[in-house]
Amino acid sequence: MRCLKCRQKAAVELRRHNSAFCSPHYLDFVATQMARNVKRHRMFGPQDRVLVAVSGGKDSLALWDLLLEAGYPASGLHLRLGIGDYSLRSAQTTRAFADDRGAQLIEFDLESEMGFTVPKLSNILKRPPCSGCGLNKRYLFNKIALDRGFDVVATGHNLDDEAATLMGNVLHWQTDPLRRQSPALAASHPGLVKKVKPLYTLTEREMASYCLLKGIDYVMEECPNATGARSILYKDALNRIEAQSPGSKQQFFQGFLDRLKPLLQGEAAVELRECALCGQPTTGETCAFCRMRERAEKHSPKPGTTSKVRG
Ligand code: Q46
Ligand code: ZN
Ligand code: ZN
């Protein structure tokens, strides 16, 4: 295969685009896709303070790299979840990336700040680890960004993630999550920060190729708690369809954005009030995070120090 742009030997073949690129032109292709997504959904501008949620995996590190390369002085936020060696490797990899580039990294350690790790929380709540973990992430990404004056939180969700989430929402006809699923979610309340997904048109494989060609060292292993997750089943199903019919994933997700989403906008949005304990927006008297925290604190020592900032 030859590069579509320069006819040199191609490094990456993209069947869904019926094209192939050499290494420099592939890196340009990914950067252009991201820039186009940022512009199309008015995600942020040069004056905005962007906080990247960084796990240490390929997508979030590639996103941070792309933003820094594009001239955005983006900071990173890494939550230390306390999931054994996986969390230790994730923190080390994220720190090494930030140090290499002199970028600001905010680290938040769940155990010292809140008094529990994700596995401990799962034991206390008697619920799967991902349920408490997801709640912590949603709350903390927003709260830390808000408290530190960031305008927008960017996450590394790729096309595979978005198509799998869409498949789950459609299979169960979850209309509220469907209405909210978007590459850019505006701050609909003063207590909320805008959330964006600049990589939503790029696949998992395309992001792995970007990291490989860019020499980005990322944590390859999945979180041990991801085994058996529904999202993996949906991704497998979509990959099988994609193998037979390249471009299906993109058509599925883009079709949703173009055709179904506009029809859902008329649906009544839920009314938000302020949590009596933390002031964050919620639908009830107290927010789900504070209720979870109260239950966990009954079983744990009091939380301690503040989050660390590097860079
Ligand atoms: S980190 Fe947390 Fe994920 Fe691990 S415990 Fe589940 S939600 S699988 S993306
Ligand atoms: Zn080329
Ligand atoms: Zn609260």
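Below or above, wherever it landed, is the structure these notes cover. Throughout this document, residue positions are counted from 1 along each chain, in the order its sequence is written. Chain A is the first chain written and ligand 1 is the first ligand written, with later ones labelled in order. The model is predicted, so local features are restricted to residues of pLDDT at least 70 and side-chain atom pairs to those at 80 or more, both for listing and for counting; the totals for chains, interfaces and linings are taken over all residues. As a rule here, side-chain values come from all non-hydrogen atoms in the structure, and water together with hydrogens is ignored.

Considerations on the overall build of the protein chain
Turning to step 1, where the next piece is worked out: Within the protein chain, the secondary structure is distributed over 12 helices and 11 strands.
Turning to step 2, where the next piece is worked out: With the C-alpha coordinates of the protein chain rotated into their principal frame, the extents come out at 65 × 45 × 40 Å.
Turning to step 3, where the next piece is worked out: Buried residues are those whose accessible area, probed at 1.4 Å on protein chains only, stays under 20% of the maximum for their type, while exposed residues exceed 50% and partly exposed ones sit between those limits. When the 311 residues of the protein chain are sorted by exposure, 48% land in the buried category.
Turning to step 4, where the next piece is worked out: The long-range fraction of contacts in the protein chain, counting pairs at least 24 apart against all pairs at least 6 apart in sequence, stands at 71%.
Turning to step 5, where the next piece is worked out: Summing over all exposed atoms, the protein chain offers an accessible surface of approximately 16000 Å²; the carbon and sulfur share of this is 51%. Secondary structure elements follow DSSP: runs of H or I of four or more residues count as helices, runs of E of two or more count as strands, with numbering from the N terminus. Residues count as neighbours in contact if any of their non-hydrogen atoms are within 4.5 Å of one another. Per-residue and other accessible areas follow the Shrake-Rupley method at a 1.4 Å probe size, with only the shown protein chains counted as cover for residues.

Focus on the coordination of the zinc ion (ligand 3)
Turning to step 1, where the next piece is worked out: In this structure, C275 (SG), C278 (SG), C287 (SG) and C290 (SG) serve as the protein donors to the zinc ion (ligand 3), at separations of 2.2 to 2.4 Å.
Turning to step 2, where the next piece is worked out: Atoms of type N, O and S within 2.8 Å of a metal are treated as its donors, and for Na, K and Ca the window is 3.2 Å; water is not considered, so some sites may appear to be missing partners. Only four donors with every angle between 85 and 135 degrees are called tetrahedral; only four or six donors with opposite donors over 155 degrees apart and all others between 65 and 115 are called square planar or octahedral, in that order; all others are irregular. With four donor atoms in place around the zinc ion (ligand 3) and angles of 106 to 114° between them, the coordination shape is tetrahedral.
Turning to step 3, where the next piece is worked out: All donors of the zinc ion (ligand 3) belong to a single chain; written as a sequence motif, their spacing is C-x2-C-x8-C-x2-C. In this pair, C278 sits in the loop between β9 (273–274) and β10 (281–282) while C290 sits in helix α12 (residues 288–298), placing the two residues 12 residues apart along the sequence.
Turning to step 4, where the next piece is worked out: Taking relative accessible area as the criterion, C278 reaches 25% and is therefore assigned partly exposed.

Focus on the nonpolar core
Turning to step 1, where the next piece is worked out: Y26, V30, F44, W64, L67, M207 and Y210 are the most contacted members of the largest nonpolar core, which has 47 residues in total.
Turning to step 2, where the next piece is worked out: Contact partners of Y26, with chain neighbours within four places excluded, come to V12, L14, F21, E206, M207, S209, Y210 and L213.
Turning to step 3, where the next piece is worked out: Core analysis: the next-biggest nonpolar cluster, separate from the first, contains 34 residues, L135, V153, V219 and M292 among them. Among the buried residues, those of types Ala, Val, Leu, Ile, Met, Phe, Trp, Tyr and Cys that are joined through side-chain atoms within 4.5 Å form a nonpolar core.

Focus on the coordination of the zinc ion (ligand 2)
Turning to step 1, where the next piece is worked out: The zinc ion (ligand 2) binds to the protein through C3 (SG), C6 (SG), C22 (SG) and H25 (ND1), with metal-donor distances spanning 2.1 to 2.4 Å.
Turning to step 2, where the next piece is worked out: Taken together, the four donor atoms surrounding the zinc ion (ligand 2) define angles of 99 to 114° at the centre, an arrangement classified as tetrahedral.
Turning to step 3, where the next piece is worked out: Binding-site remark: the zinc ion (ligand 2) is held by donors from one chain whose sequence spacing is C-x2-C-x15-C-x2-H.
Turning to step 4, where the next piece is worked out: Overall, C3 belongs to the buried group, its relative accessible area being 0%.

With respect to the site of ligand 1
Turning to step 1, where the next piece is worked out: When we say a residue is near a molecule or strand, we mean one of its heavy atoms is within 4 Å of it. Around ligand 1 lies a shell formed by L81, I83, C130, C133, K137, C223, N225 and A226.
Turning to step 2, where the next piece is worked out: Across the shell around ligand 1, the residue classes tally to six nonpolar, one polar and one charged. Residue polarity follows a fixed list, in which Ala, Val, Leu, Ile, Met, Phe, Trp, Tyr, Cys and Pro are nonpolar, Asp, Glu, Lys and Arg are charged, and the others, Gly among them, are polar.

Some thoughts on a positive patch on the surface
Turning to step 1, where the next piece is worked out: Only residues above 30% relative accessible area that lack a salt bridge enter a patch, with like-charged residues linked at up to 9 Å and the nonpolar side chains Val, Leu, Ile, Met, Phe, Trp and Tyr linked at up to 5 Å. Each reported salt bridge corresponds to a side-chain nitrogen of Lys or Arg within 4 Å of a carboxyl oxygen of Asp or Glu. Only four residue types enter the tally: Lys and Arg on the positive side, Asp and Glu on the negative side, with His and both chain ends excluded. By convention, the point assigned to a charge is CZ for Arg, NZ for Lys, CD for Glu and CG for Asp. There is a patch of like positive charges on the surface, built from K126, R127, R295 and K298.
Turning to step 2, where the next piece is worked out: The residue K298 is located in helix α12 in this model.
Turning to step 3, where the next piece is worked out: Since its relative accessible area comes to 71%, K298 is described here as exposed.

Concerning the packing of helix α1 (residues 23–40) against helix α2 (residues 58–69)
Turning to step 1, where the next piece is worked out: What counts as an axis is a line fitted to C-alpha atoms, over the stretch in contact for a helix, and the angles between N-to-C directions run from 0 to 180 degrees. Two elements in contact, α1 and α2, have axes separated by 11 Å at closest approach and are oriented at 85°. It follows from the interaxial angle that α1 and α2 lie roughly perpendicular. Each of V30, A31 and M34 in α1 lies in contact with α2, whose residues at this interface are L63, L66 and L67.
Turning to step 2, where the next piece is worked out: Broken down by class, the residue content of the contact of α1 with α2 amounts to six nonpolar, no polar and no charged. The scheme is simple: roughly parallel for angles under 35 degrees, roughly antiparallel for over 145, roughly perpendicular for 65 to 115, oblique for anything else.

Considering helix α7 (residues 159–171)
Turning to step 1, where the next piece is worked out: The first and last C-alpha atoms of α7 sit 18 Å apart over 13 residues, in line with the 18 Å expected at 1.5 Å per residue.
Turning to step 2, where the next piece is worked out: Where burial is concerned, most of α7 is hidden: 10 out of the 13 residues are buried.
Turning to step 3, where the next piece is worked out: All buried positions along α7 are accounted for by L159, D160, D161, E162, A163, A164, L166, M167, G168 and N169.
Turning to step 4, where the next piece is worked out: Residues of α7 that are buried sit in contact with α8 (175–180), α9 (204–214), α10 (230–244) and α11 (248–264).
Turning to step 5, where the next piece is worked out: Throughout this description, a polar contact denotes any pair of N or O atoms lying within 3.5 Å of each other; where both atoms belong to protein, one of them has to be capable of donating a hydrogen while the other can accept it, and for residues adjacent in sequence the pair is counted only when both atoms sit in side chains. Between the side-chain oxygen of the N-cap and the backbone nitrogen of D160 there are 3.0 Å, and the N-cap of α7 in question is N158.
Turning to step 6, where the next piece is worked out: Residue W173 follows α7 closely and has a positive phi angle near 45°. The span one expects for a helix is its residue count, reduced by one, times 1.5 Å.

As for the pairing of strand β5 (residues 105–109)
Walk down a regular strand and you will see the side chains alternate between the two sheet faces.
Turning to step 1, where the next piece is worked out: Most of β5 sits inside the fold, with five of its five residues counted as buried.
Turning to step 2, where the next piece is worked out: Burial along β5 is two-sided: L105, E107 and D109 and I106 and F108, pointing in opposite directions, are all buried.
Turning to step 3, where the next piece is worked out: Pairs of strands are assigned from DSSP output, requiring at least two bridges between the strands. Where strand β4 (residues 75–80) and β5 come together, five bridges link them in parallel fashion. Looking at β5, one finds that H78 is bridged to E107.
Turning to step 4, where the next piece is worked out: The handedness of a crossover follows from its direction of travel: if, with the strands pointing away from the viewer, the path from the first strand over the helix to the second runs clockwise, the crossover is right-handed. After leaving β4, the chain enters helix α3 (residues 84–101) and then returns to the sheet as β5, a path that is right-handed.

A few points about the pairing of strand β3 (residues 50–53)
Turning to step 1, where the next piece is worked out: Along β3, one buried face is formed by V50 and V52 and the opposite face, lined by L51 and A53, is buried too.
Turning to step 2, where the next piece is worked out: Pairing of β3 with strand β6 (residues 152–154), which is carried by three bridges, proceeds in the parallel orientation. Looking across to β6, one finds that V52 is bridged to A154.
Turning to step 3, where the next piece is worked out: Inspection of the sheet shows β3 paired to β4 by three bridges, in the parallel sense.

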